[in-house]
Amino acid sequence: PRRTAGARARLIVLADTTEGAAAAMSVAAFNSVIGALQVAGAQIDLAVAVFGDGQRMVERLRSTSFIAARVTQMPERPDIESARSLAASDPDVLIDLCGLARATGPLFAARPARAIWSLSGTPQYAQPLVDALLSSDHAAWPAVVAQMLDRVAVGASAPSAAHALHAQLAQG
């Protein structure tokens, strides 16, 4: 899908706030991802889709530069309506921090974002549901974020199909 107007990257982080080992891994990954994203905070519109307690996620975000991030409560089993709800914000990337701990396969199959990334080193979905795996080396994430922002900037500056057609017609 073609990106709509705006130069800021739109990201959705899919996280889990429930109790247990999978949620604990999600918390650690969430903190690392948010830390990497905060470096480029002015260039990012962040939303968080949460399994578990949405209010707990709001509290986590209060200590970051993303205090105004939109938090969406996810149903236990996301469906096509969940995908439509997430896709409504026209996200560039959905970063999955839940992996196979949640039944997100149907959500990913509906392609709610231009790209879906997951974490390597944890049980996760593979292609074609997931486009890329983020390194479990959290030190590499700022470089990944910078590359993503570069791709978004190129896409945002490219002329739309309507502009290209208008230019062709104007030339004769």
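Refer to the structure above for everything that follows.
Calculation rules
Residues numbered from 1 in each chain as written. Predicted model: local features only at pLDDT ≥ 70, side-chain atom pairs only at ≥ 80, totals over all residues. Heavy atoms only, no water. Helix = DSSP H or I, 4+ residues; strand = E, 2+ residues; numbered from the N terminus. Contact = heavy atoms within 4.5 Å. Buried < 20%, exposed > 50% of the residue type's maximum accessible area, 1.4 Å probe, protein only. Pairing = 2+ DSSP bridges. Axes fitted to C-alpha atoms, helices over the stretch in contact; angles between N-to-C directions. Salt bridge = Lys/Arg side-chain N within 4 Å of Asp/Glu carboxyl O.

J.: Got a sec to walk through the side chain of T64? Specific residues and values, please.
T.: Looking at the secondary structure, you find T64 in the loop between α2 (54–61) and β3 (70–73). Dropping the residues within four chain positions of it, T64 is found in contact with I34 and Q38.

J.: Go over the environment of M74 with me, naming the residues and quoting the values.
T.: Within the secondary structure, M74 is located in the loop between β3 and α3 (80–87). Accessibility expressed as a relative area gives 6% for M74, which makes it buried. For the pair M74 and G52, spaced 22 residues apart in sequence, the C-alpha separation works out to 7.8 Å. Excluding anything up to four places from it in sequence, M74 contacts L14, A49, V50, F51, S82, L86 and L107.

J.: How would you summarise unusual backbone geometry if you had to cite specific residues and measurements?
T.: For D90, which is not glycine, the phi dihedral falls at a positive 55 degrees. Along the chain, the position of D90 falls in the loop between α3 and β4 (93–96). Residue D90 is classed as buried on the basis of its relative accessible area, which comes to 16%. One non-glycine residue, R111, lies in positive phi territory at about 55 degrees. Inspection of the secondary structure assignment puts R111 in the loop between α4 (105–109) and β5 (115–119).

J.: How would you summarise the pairing of β5 if you had to cite specific residues and measurements?
T.: It is a general feature of regular strands that their side chains alternate between the two faces of the sheet. Of all five residues that make up β5, five are buried, and the element is covered over most of its length. Where β4 lies against β5, four bridges are found, and the strand directions are parallel. Pairing of V93 across the sheet is with A115, part of β5. Two elements, β5 and strand β6 (residues 132–134), share three bridges in a ladder whose sense is parallel. Across the sheet, the residue bridging to S118 is L133, located in β6.

J.: Residue-level account of the sheet that holds β4, with values.
T.: The strand order β3-β2-β1-β4-β5-β6 describes an open sheet built from six strands, whose pairing is parallel. Every interior strand has two partners, whereas the edge strands, β3 and β6, have only one. Averaged over all adjacent pairs, the angle separating strand axes in this sheet is 25 degrees, with direction ignored. Relative to β3, strand β2 (residues 44–51) is paired through four bridges, and the arrangement is parallel. What sits directly across from V48, in β3, is V71. In this fold α2 packs onto β1 (9–16), β2 and β3, with an angle of close to 160 degrees to the strand it touches most, β3.

J.: Give a description of the pattern of salt bridges that names residues and reports values.
T.: Here the structure, examined in full by the defined rule, presents nine salt bridges. The partner of E59 in a salt bridge is R62, and the shortest N-O contact between them spans 2.6 Å. Under the relative-accessibility criterion, E59 is labelled partly exposed at 42%. The class for R62 is partly exposed, based on a relative accessible area of 48%. Where E81 meets R84, a salt bridge forms, and the shortest distance between an N and an O atom there is 2.5 Å. One end of the pair, E81, and the other, R84, are both in helix α3, three residues apart, so they sit about a helical turn from each other. Residue classification places E81 among the partly exposed positions, given a relative accessible area of 45%.

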